[in-house]
Structures are given as C-alpha cells and as structure tokens.
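If you want the building blocks of each chain, they are given just below.
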Amino acid sequence: MARKSASAETSAEPAKTKKPKKTRWYHHLWQAYKITQRYDRHTVWILAAIVVVVTTVFVVVGGLVNGMYWYWGLLGFTFGLVAAMVFLSRRVEVAAYSQIEGQPGATYAALSTLRRGWLFAQEPTAVTPQQDAVFRCVGRAGVVLVSEGPPHRVGRLLEKERQRCARVVAGAPVTLVQMGNGEGQVPLRKLTRHLSKLKPAITKQEVAAVNKRLVAMGGAKLPVPKGVDPMRARPDRKGLRGR
C-alpha cells in the first residue's frame, strides 16, 4: 500500500516543464528569410547570385595576381555571404515596413526604431475621428511632430499642434513632418533616416527639460461624439412592457 501511495503521489506531480530553447543567430536568420520571402519570392535567387558573383570576382582577381584560386575562392565566398546578409537585412526592413504601412500606429512603430537620444510618446498627441494622428518626439534637433494621414487633412492638425507646443518650448525649434507617399511627404521606410539627418539645435540637457514640459502639458483629448451618453441613458420601461 505504501508503494502504491508513493507511486500515486509521484504520478500526481506535474510534469517538469521543458526549458525554452535558446534562439541562435541562425534562428533569427531563418525568420528574416521567411519574412523577406513573403515580400519577394525571388529573394533566394538574389542571395545566391550575390554569393556567386562575389566569389567569381575574387577567383578571377586572385588568378591574375598569384594563381591561388582556392584561397581567393574561399575569401570571395566569405565576402559573398557577408554581402548577402547585408542585402537580406535591408530587404527585411523594407518588407517589415510594407506590412505595417497604411495601418494606424505605423508612425509610432517607425519612431520606436530611432537610436538613442530621442524621446517620444507612445500615444499620439493629437487624433481625429478619421484616425489622423500626430506623434511627437524630442531630440537634439528639437521637437519633431510627425503626422499620419492624408496631406489635405493633417496640415491643420499639424499647425495646431505646433502652436500648442511652441507655447511651452520657447527657444527649441518645432519641425513638422508629414509621413506618407504623397508629394512633400516622407515615406514610412525613410522616416527614421529623415529625422536622423536633422541638424542638432539643443543640448542633451535641454532635450530632457523640453520633453518634461511637453509631458506636463498633457496628451491628446480623444474626440467623443456629441449626443446622449449611452452609459447614462435610461431604458424605456413602457416600451419594454410592450405598451
């Protein structure tokens, strides 16, 4: 009986949870390849062509220099793999932006990839019922307001937000950027590069001070339609009784 009870206790114990496998570098590489393959089915052929072309160039040059084909071939193959990885990383970035482009909040996803030195709010500082939004980030270039929406609608929204920010950040420049594929707009995939090219205008200490003032100013007030509040509306008791 003791043996049975002991075996029952051991069987009742929960099974040991397996430790999650570590993600190696080749796991990330395979995921990047799958993402790019969905965007462009010719990715595998382009990567192979890069490796072959680079290796061939090294072999030809090595044969003309000292005739050590195997050495230059191995060196060319290594450089070919590096060139293919660089191409794949850029294609992954393009594929990722193409998947989120046109969706609400795509601007925030792009801004979150900015390097150190930038401070930005997770929520938009201005929003409309049509889902047009303005996102704010603060860096050495000052205050940058990035709009998300058609240019004929976000122009006024940007200017209104610029005037609102200029009241509390005296001395810091306020730059307006329209994200989009229209004329005068910055495409989503080039947004972070565009912001990184802005010239510094304030110091790191001033960045923190300006951001603190803007945070204290408050965020966006979500548009609420006018009318009766459905949470406070009283039901029609006579109608429910069928009278």
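Residues numbered from 1 in each chain as written. Predicted model: local features only at pLDDT ≥ 70, side-chain atom pairs only at ≥ 80, totals over all residues. Heavy atoms only, no water.

Notes on the confidence of the model for the protein chain
Regions with low pLDDT carry predicted coordinates that are not meant to be interpreted in detail.
Stage number 1. Looking at the protein chain, pLDDT values average 75 and 73% of them are 70 or higher.
Stage number 2. In the model, residues 1-14 has pLDDT below 50 throughout and makes 0 contacts with residues more than four positions away in sequence or in other chains.
Stage number 3. Every residue in residues 223-243 scores below 50 in pLDDT, and together they form 6 contacts with partners more than four places removed in sequence or on other chains. (pLDDT = per-residue confidence, 0-100. Contact = heavy atoms within 4.5 Å.)

Thoughts on unusual backbone geometry
Stage number 1. With phi around 70°, Q131 is a residue other than glycine that occupies positive phi space.
Stage number 2. Structurally, Q131 is set in the loop between β2 (126-127) and β3 (133-139).
Stage number 3. Taking relative accessible area as the criterion, Q131 reaches 53% and is therefore assigned exposed. (Helix = DSSP H or I, 4+ residues; strand = E, 2+ residues; numbered from the N terminus. Buried < 20%, exposed > 50% of the residue type's maximum accessible area, 1.4 Å probe, protein only.)

A look at the packing of aromatic side chains
Aromatic rings considered in pairs are described by the distance between their centres and by the relative angle of their planes.
Stage number 1. According to the stated counting rule, one finds 4 aromatic pairs in the structure shown.
Stage number 2. A centroid spacing of 6.1 Å and a plane angle of 80° characterise the contact between W70 and Y71, whose relative ring orientation is edge-to-face.
Stage number 3. For Y71, a relative accessible area of 40% translates into the label partly exposed. (Phe/Tyr/Trp six-rings, centres within 6.5 Å; stacked < 30°, edge-to-face > 60°.)

Considering the nonpolar core
Stage number 1. In terms of nonpolar packing, the biggest core is built from 17 residues, with L111, W118, V144, V146, L191 and L195 touching the most fellow members.
Stage number 2. Contributing elements (two or more residues each) for this core: α5 (106-111), β3, β4 (142-148), β5 (174-179) and α7 (191-196).
Stage number 3. With near-sequence residues (within four places) excluded, V146 lies in contact with T107, L111, A133, V134, F135, V177, M179 and L191.
Stage number 4. The next biggest cluster of nonpolar side chains, apart from the first, holds 14 residues, and it includes V143, L157, V169 and V210. (Core = buried A, V, L, I, M, F, W, Y, C linked by side-chain atoms within 4.5 Å.)

Focus: the pattern of salt bridges
Stage number 1. Here the structure, examined in full by the defined rule, presents 3 salt bridges.
Stage number 2. Across the pair R153 and D132 runs a salt bridge whose closest N-O atoms are separated by 2.6 Å. A residue pair is termed long-range when its members are at least 10 positions apart, and R153 in helix α6 (residues 151-166) and D132 in the loop between β2 and β3 qualify at 21 residues.
Stage number 3. Judged by relative accessible area, which is 4%, D132 ranks as buried.
Stage number 4. For E159, the salt bridge goes to R162, with nearest N and O atoms at 2.7 Å. Here the residue E159 and the residue R162 both occupy positions in helix α6, the gap between them amounting to 3 residues, near one helical turn.
Stage number 5. According to the relative accessible area criterion, E159 is partly exposed, its value standing at 30%. (Salt bridge = Lys/Arg side-chain N within 4 Å of Asp/Glu carboxyl O.)

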